[in-house]
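Listed below, chain by chain, are the residues.
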Amino acid sequence: MKIRLAAIALILVGVGAIVLAVVGPTFGSSSSSKYLTSTVTTGTVSAQSVATGTVAASTVYGFKFGVTPDIVSSVATTSGGGGSTGNNNSNSAQGGSSLIWPVQSVLVTVGEKVTKGTSLATADATAANLQLTSAQATLASAQAKLTADAGKDASIVLTDQAQVATAQATVNADQAIVDAATLTAPADGLIIAVNLLPGVNAPSGYAIEESVGPMVATSGFAESDIANLKVGQSATVSITGAKVSVPGTLTQIVPVASSSGAGSSVATYAVTVTLTSPPDTVLAGMTASVTVTTASVDNATRVPATALQGSATAGYTVQVMNSDGSITVKTVSVGLVTTSYAQITAGLTSGDTVVTGTSMTRTGTTTTGNGGVNVQSLTGGGGFGGFGR
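From a predicted model like this one, the values you see are computed outputs, not experimental measurements.

### Let's talk about the side chain of Thr59
No. 1: Its location among the elements puts Thr59 in strand β2 (residues 41-63).
No. 2: Contact partners of Thr59, with chain neighbours within four places excluded, come to Ile71, Ser73, Ser74, Glu210, Ser211 and Val212.

The following block contains the structure:
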C-alpha cells in the first residue's frame, strides 16, 4: 500500500513539472496610455462636397440636309444628364427634311475636330431647286397681281400684299433648304457620329452629329450638400478614364430633385461643373468625381479636427501639451470646421502642441500553452488506473 501511494505521488509530481514546463509561469499584465499629439500650423482650411458624375459636351448638334442644325442635347436644356445623341427626328421646319437627298460627298470622319464654317457633307439639291423654282413662280404671279390691282379697292390691295408676303416667305424658306444641301459646322467642335455614305440617300434621322465645348461634368449632389453649393464656386473634377484632374467652375444647379431611387430616402440634385481646358483625352461619357470647394480660409491657424473637444453650442476646448509633458486645457474660438481641420481664431498660436487622442500600451507577458496538457497521453491514455500487485 505504501509503495502504491509513493508511486502515485511521484506521478503527480511529474505531471506538475510537465505542466509547468509546457504552460509556463503566468504573470500579471498592466497597461498605460500615452497622448497622440499634433502641432498647430498655418495653412488653408477648406470645406468640400463630393459626388460622382459623368463628363459630357455642353452642346450636341444634329445635322440633316435641308434644315438648320438641331440642338440634340445641351446643359441649358436638360436636367444635367448630358442628353442623348441618338438619331432623333428634328422638330425644325419639315420642308427640307421631307425631300430626297442623295449624298454626294462626306467630308468628315468620327473623332475629327472641325472649326466653325467647315463643310461636313454635301447632297444633290435637285429636288430642293425644283421646289424653289415653283415658289419663285408663285411669288412672281403674286407680284404681278399686286401690280395689276393697283388703284383698286383697298381690301383687294391688302389681300394682294398679303399673298406677296406669303410667297416671299416661301421663297426664303426654300432658298434656305437649297443652301442646306451642304452641311456646315456652326461652331468649333468634335464629330461624334457620321450616319451617311456617298451615293446613298441621306437617312431621315441625323446624318452627322457634332459635340461643341466646353466640356462639362454633371453629377447628383445629396440634399444635405445642396444648400452649400452656389454657382461660381471652384471645383476639381477627377476623371478616372483619362487619369487626370481638371479644374472647373460650378455653372448650374437644377433646383428640382431627381429621383432618389428605390429604397432610398435621400434626394439628389443635378449639378453642372464646366471644365477649364481639359486635355483631349477627356471624352464624353467618362466617369468623374466632382469635388466642389464650398468654403475656404487661407493663412488660417489650424489644428486637426480631432483635437477639438466640446460643441458649437457649449464652446470648444483643446488640450495643450506643455514642454514638461503636462497638459493644459485651453478654451479656443473656432472659425471654419471641416472633417480634417478646424480654424482657430483665438486661444492658440502656430507651433503649439495639441492632443489629438490617446493610445494604449500593454506591458508584461502571459505565456499560454497550445491547447493545454492531455493528461491521458501522459498516463498511457487510461488515466490513473490501478497497479497490479
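### Considering helix α3 (residues 126-148)
No. 1: Between its terminal C-alpha atoms α3 stretches 33 Å, which fits the 33 Å expected from 23 residues at 1.5 Å a residue.
No. 2: When α3 is considered as a whole, its buried residues turn out to be Ala128, Leu132, Ala135, Leu139 and Ala142.
No. 3: Where α3 is buried, its residues touch α4 (154-179).

### Comments concerning the packing of aromatic side chains
No. 1: Following the criterion strictly, the structure yields one aromatic pair and no others.
No. 2: Taking 6.0 Å as the distance between ring centres and 25° as the angle between the ring planes, the aromatic pair formed by Phe65 and Trp101 counts as stacked. Placement of Phe65 in the loop between β2 and β3 (70-74) and of Trp101 in the loop between α2 (94-97) and β4 (103-106) is noted, with a sequence separation of 36 residues between them.
No. 3: With a relative accessible area of 3%, Phe65 lands in the buried category.
No. 4: The buried category is assigned to Trp101, whose relative accessible area is 5%.

### Focus on the sheet that holds β4
No. 1: Strand order in the open sheet formed by three strands is β4-β6-β7, and the pairing between neighbours is antiparallel. The open sheet is flanked by β4 and β7 (182-184), the only strands paired with a single partner. Within this sheet the neighbouring strands show an average axis-to-axis angle of 15°, counted without direction.
No. 2: Two strands pair when backbone bridges link them, and β4 and strand β6 (residues 119-123) are joined in this way by three bridges, in the antiparallel orientation.

Basis of the calculations
- Residues numbered from 1 in each chain as written.
- Predicted model: local features only at pLDDT ≥ 70, side-chain atom pairs only at ≥ 80, totals over all residues.
- Heavy atoms only, no water.
- Helix = DSSP H or I, 4+ residues; strand = E, 2+ residues; numbered from the N terminus.
- Contact = heavy atoms within 4.5 Å.
- Expected span 1.5 Å × (residues − 1).
- Buried < 20%, exposed > 50% of the residue type's maximum accessible area, 1.4 Å probe, protein only.
- Phe/Tyr/Trp six-rings, centres within 6.5 Å; stacked < 30°, edge-to-face > 60°.
- Pairing = 2+ DSSP bridges.
- Axes fitted to C-alpha atoms, helices over the stretch in contact; angles between N-to-C directions.

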